[in-house]
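Descriptive analysis of the structure
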2 protein chains.
Amino acid sequence: MKVEFEQYFKQLLGEENVYFDEAHRRVYSYDATKKHYLPDGVLFPRDEEDISKILKFCNDKGIIIIPRGAGSGFSGGALAVNGGLVLAFEKHMNKILEIDLGNLVAVVQPGVINMHLQKEVTKYGLFYPPDPASMEHSSLGGNVSENAGGMRATKYGITKDYVMALRAVLPNGEIISAGKRTIKDVAGYNLAGILIASEGSLAVFSELTLKLIALPKFKKTAMGVFPSVKSAMNAVFKTLASGVTPVSMEFLDNLSICAVENKFNIGLPKDAGAILIVEVDGNIQEVIDEDLKTIKHYFLEENASEFKIAKDEKEAKDIWFARKSCSQSITVYGSLKLNEDITVPRSKLPDLLEGIAEISKKYGFKIPCFGHTGDGNVHTNIMIEDKNDQEQVKKGHLAVEEVFKLTIKLGGTLSGEHGIGISKASFMNLAFSDAEMNLMRNIKKAFDPNNILNPFKMGL
Amino acid sequence: MKVEFEQYFKQLLGEENVYFDEAHRRVYSYDATKKHYLPDGVLFPRDEEDISKILKFCNDKGIIIIPRGAGSGFSGGALAVNGGLVLAFEKHMNKILEIDLGNLVAVVQPGVINMHLQKEVTKYGLFYPPDPASMEHSSLGGNVSENAGGMRATKYGITKDYVMALRAVLPNGEIISAGKRTIKDVAGYNLAGILIASEGSLAVFSELTLKLIALPKFKKTAMGVFPSVKSAMNAVFKTLASGVTPVSMEFLDNLSICAVENKFNIGLPKDAGAILIVEVDGNIQEVIDEDLKTIKHYFLEENASEFKIAKDEKEAKDIWFARKSCSQSITVYGSLKLNEDITVPRSKLPDLLEGIAEISKKYGFKIPCFGHTGDGNVHTNIMIEDKNDQEQVKKGHLAVEEVFKLTIKLGGTLSGEHGIGISKASFMNLAFSDAEMNLMRNIKKAFDPNNILNPFKMGL
């Protein structure tokens, strides 16, 4: 990048907020995909005005901008695949600006860490439900850009259900606001609607207004052990059809159970077909107990050999430990994990898991599956024994493609919560028609005619 | 319109689905605004393919298309303000295609009447919450196009919260699908998000996939009588902050109360400052009773002189009668009603209502207000005694503008549930910056470069 650009930004933002040196570029070249691409520099805007001036300048000069949250994304959304300047918010734009108790909203800057907001609103007896697995380090700007999901989606929905309004800067430097602190707002196009999940490719968020709800007073965790995946799925369907909506209904298949047990020795039944972990919450203890009774009824009806309700927080934590250790434990099956966050309509979960078992057999890979049964979101992990065996890796990617094809055939989506980025860009044509892809390109152009904002992502 | 066009459409759709005669054009020239504009003709597509062929032809020839639901809109969205062809769905595309019990979704054609779906899903113990006042005759296609609200928004949200997926036809005839039967889907741009509330100006819906929830087993209605609007609002705030979320919290101000009482003589207290009507629902009777106890506590704390819980469905209906009769009753104050559906952040309701009282004094108009306190959505009605008094009508419109300015100042929106259409198009510049208006125009162009779909609406 030209020296004059560096000088311009240093004058604009101050020396301490502009880095074109190798060390900084390297630090901002990674994300959770473990791929890396060196950006040309890193900028730390102090406020919305800074973002506006940076974008206007870059738009005029044709300089690529990559907005970056915490770099915890699994799809490469924050990677500078073709150079350009990373816009990082963690240094200055990381403040909770307001917690509005009258309207139950929080106003935050994009760099605020999800967990930071969670903790803060708890002080007021309030609750921000979206809880991506990365919540201890991922930023809310990144969460909104990827429309992050999480464990609580069955009952509480996902990030988009909590974005009431936002401020954003267009590539030409113009500042817009979209939405209000109101449930109802139907004036003009739903600009916030199209910006959510746009992976930083349409505008740069400068402020987010997020919906809060009252913190449920009680919650309980329980676990059921099933002879097969199918019986576990049936238990899920029966529970949800009864009108009981747990916060989470998480499942582990046999491979996941064995992996966790082998690694941590916590007493999981290695002969079980599946485990379901449910959490229920509410304001009245008796209702929760009633819900658990209903759940137990359907679990036993589906031949659960065990139904355990956590007596206290420690027991609840122990139960959750099994689920939360899946991702790290399954590495016993191989040194390379091709993990995808596919999602199908809930009723198609048994078909999906059967299909994956067939793909596993066909390719000879172990494919442990775990995830969010309540919302059809399954983390499938194709395990390659030796990551240096190029033949196996190639075969693994073919297996991934089959998993995607199966998912689409079942009415599902390439990504439930991670986004497309670069990881799944080449599969977009499996899921979208030419007309749909062209429409997305036209929308991209409507916001970003010079294509400076996070280009070369999402297959656009 | 040229005769050759009529012939083309008759060949395409059959004689019985194409009308260019005066009588049909007249029938399709109105909507709930009572304004009328003659379209050039009316087409009744039989299916998605018909829509596609019609749009492709019209796009090539530059013929305007106005998609029309039931014509029950309050903002003129379905009016042919500059001629063109009305696309009407009530004849053929009015079917519920599927009720998917496994995934709790309904798949419908755009012409299905809201109430028709409500009744159908009740048979399965399910619930489609969005309930615009027009629900007995408005269509779901129209509801989604305007992002219709209703009485249940406080607890259940609005139309956009129930659109999971849709199929739509672009102006060039291409058919797209957006969204899935899954809570989580983050592949590609949120196309459904931008199509909701787009007032028929971006694409024509051919199929809608709507989220259903379990029908709550019990509900109860109650009414509180307050000395002032302010005390009623405080009671609302305290209730919601306590974690109790009623389905509805509807209010009537003194003018509305008096109008209903004068017309129907049902025993409402004409000296009351405000009345609040609340509905709570749930699956456990005891929880509802507990909620009502909490509500009563805060109502009495705010000096409610009366708190009445309906003992049965008849009493509940009687209570609701007061609220549902407001719109027709307030005509005692004048022969012309300038009614707006402004919405402010809930906490700003007292400021809004105070400001409206001042505007009422300044202009000498009675302005009865009633509406959805729980979500900040107030129906303000500027009453002109004599609709033929041009001077008064002109003054009335100035008063409307002041109401809008006040609303915007308080962080509110021009429209909570009716949309912009032509009714509020001239006020868009009060609410949106040039940058925002330009962005909306660019989005319109991205979908509809020839500007054939419902043009001249929303101030675009």
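Residues numbered from 1 in each chain as written. Chains lettered and ligands numbered in written order. Predicted model: local features only at pLDDT ≥ 70, side-chain atom pairs only at ≥ 80, totals over all residues. Heavy atoms only, no water.

In this section: the overall build of chain A. When helices and strands are counted, chain A shows 16 helices and 18 strands. For 460 residues, the compact-globule estimate of 2.2 N^0.38 gives 23 Å, and the C-alpha radius of gyration of chain A, at 23 Å, lies within 12% of that figure. Seen through its principal axes, chain A has C-alpha atoms that stretch 70 × 60 × 40 Å. Put simply, chain A has 460 residues, and 61% of those count as buried. The long-range fraction of contacts in chain A, counting pairs at least 24 apart against all pairs at least 6 apart in sequence, stands at 71%. Surface accessibility of chain A: about 17500 Å² in total, with carbon and sulfur atoms responsible for 49%. (Helix = DSSP H or I, 4+ residues; strand = E, 2+ residues; numbered from the N terminus. Rg over C-alpha atoms; globule rule 2.2 N^0.38 Å. Buried < 20%, exposed > 50% of the residue type's maximum accessible area, 1.4 Å probe, protein only. Contact = heavy atoms within 4.5 Å. Areas by Shrake-Rupley, 256 points an atom, 1.4 Å probe, with all protein chains shown as cover.)

Before going further, it helps to spend a moment on the sheet that holds strand S9 (residues 175-179) of chain A. Sheet strands line up and pair through hydrogen bonds in the backbone, either parallel or antiparallel. Residues and elements named next belong to chain A. On the basis of which strands lie adjacent, the open sheet formed by 5 strands has the order S5-S6-S10-S8-S9 and antiparallel pairing. Each having just a single partner strand, strand S5 (96-100) and S9 make up the two edges of the open sheet. Each strand axis lies, on average, 10 degrees off the axis of its neighbour in the sheet, ignoring direction. The sheet contacts of helix H4 (residues 114-122) involve S5, strand S6 (105-108) and strand S10 (204-211), and relative to S5 the element is tilted by about 35 degrees. (Pairing = 2+ DSSP bridges. Axes fitted to C-alpha atoms, helices over the stretch in contact; angles between N-to-C directions.)

Taken as rigid bodies, chain A and chain B are interconverted by a rotation of 180 degrees and an axial shift of 0.0 Å, the fit giving an RMSD of 0.0 Å. Taken together, the rotation and translation relating the two chain copies correspond to the operation of a two-fold axis. Every residue of chain A has its C-alpha some distance from the rotation axis, and the shortest such distance is that of Gly193(A), at 2.3 Å. Of the residues that chain A buries at the interface, 100% are likewise interface residues in chain B, meaning the two copies contact each other through the same surface. (Least-squares fit on C-alpha atoms with pLDDT ≥ 70 in both.)

With that settled, consider the side chain of Thr413(B). Mapped onto the fold, Thr413(B) is located in the loop between helix H14 (390-409) and helix H15 (428-431). Judged by its relative accessible area of 2%, Thr413(B) falls in the buried class. A polar atom in the side chain of Thr413(B) sits 2.6 Å from the side chain of Asp185(A). Sequence-distant contacts of Thr413(B), defined by excluding residues within four places in its chain, comprise Lys180(A), Thr182(A), Lys184(A), Asp185(A), Val186(A), Ala187(A), Ile342(B), Thr343(B) and Thr407(B). (Polar contact = N/O pair within 3.5 Å; in protein donor to acceptor, adjacent residues only side chain to side chain.)

Before going further, it helps to examine the nonpolar core. In this structure, Leu195(A), Phe299(A), Leu195(B) and Phe299(B) are the most contacted members of the largest nonpolar core, which totals 183 residues. With residues up to four places along the chain from it excluded, the contact list for Leu195(A) reads Leu166(A), Ala168(A), Ile176(A), Leu202(A), Ala203(A), Phe205(A) and Phe447(A). (Core = buried A, V, L, I, M, F, W, Y, C linked by side-chain atoms within 4.5 Å.)

What follows is about the sheet that holds strand S3 (residues 65-68) of chain A. Residue and element names in this part refer to chain A. Pairing is mixed in the open sheet, where 4 strands are placed in the order S1-S2-S4-S3. In this open sheet, the two edge strands, each paired with only one partner strand, are strand S1 (18-19) and S3. When strand S2 (residues 41-43) meets strand S4 (residues 85-88), the two strands line up parallel, connected through 3 bridges. Residue pairing in the sheet places Val42 in a bridge with Val86 of S4.

Before going further, it helps to examine helix H9 (residues 254-264) of chain A. Residue and element names in this part refer to chain A. Among the residues making up H9, those that are buried are Ser256, Ile257, Cys258, Ala259, Val260 and Glu261. Where H9 is buried, its residues touch strand S13 (248-253), strand S14 (274-282), helix H11 (313-324), helix H12 (326-329) and strand S17 (369-372). Remark: Asn265 follows H9 within two positions and exhibits a positive phi of approximately 55 degrees.

All right, on to the packing of helix H13 (residues 349-363) of chain B against H14(B) then. Any two packed helices are characterised by how steeply their axes cross, that is the angle between the axes, and by the distance between the axes. Residues and elements named next belong to chain B. At a minimum axis separation of 10 Å, H13 and H14 run at an interaxial angle of 160 degrees. The pairing of H13 with H14 is recorded here as roughly antiparallel in orientation. Where H13 crosses over H14, the two elements pack in a sense that is right-handed. Residue-level contacts link Leu352, Gly355, Ile356, Ile359, Lys362 and Tyr363 of H13 to Lys395, Leu398, Ala399, Glu402, Val403, Leu406 and Thr407 of H14. Class assignment for the residues of the contact of H13 with H14 results in 8 nonpolar, 2 polar and 3 charged. (Parallel < 35°, antiparallel > 145°, perpendicular 65-115°, else oblique. Left-handed = near helix turned anticlockwise from the far one by under 90°. Nonpolar A, V, L, I, M, F, W, Y, C, P; charged D, E, K, R; others polar.)

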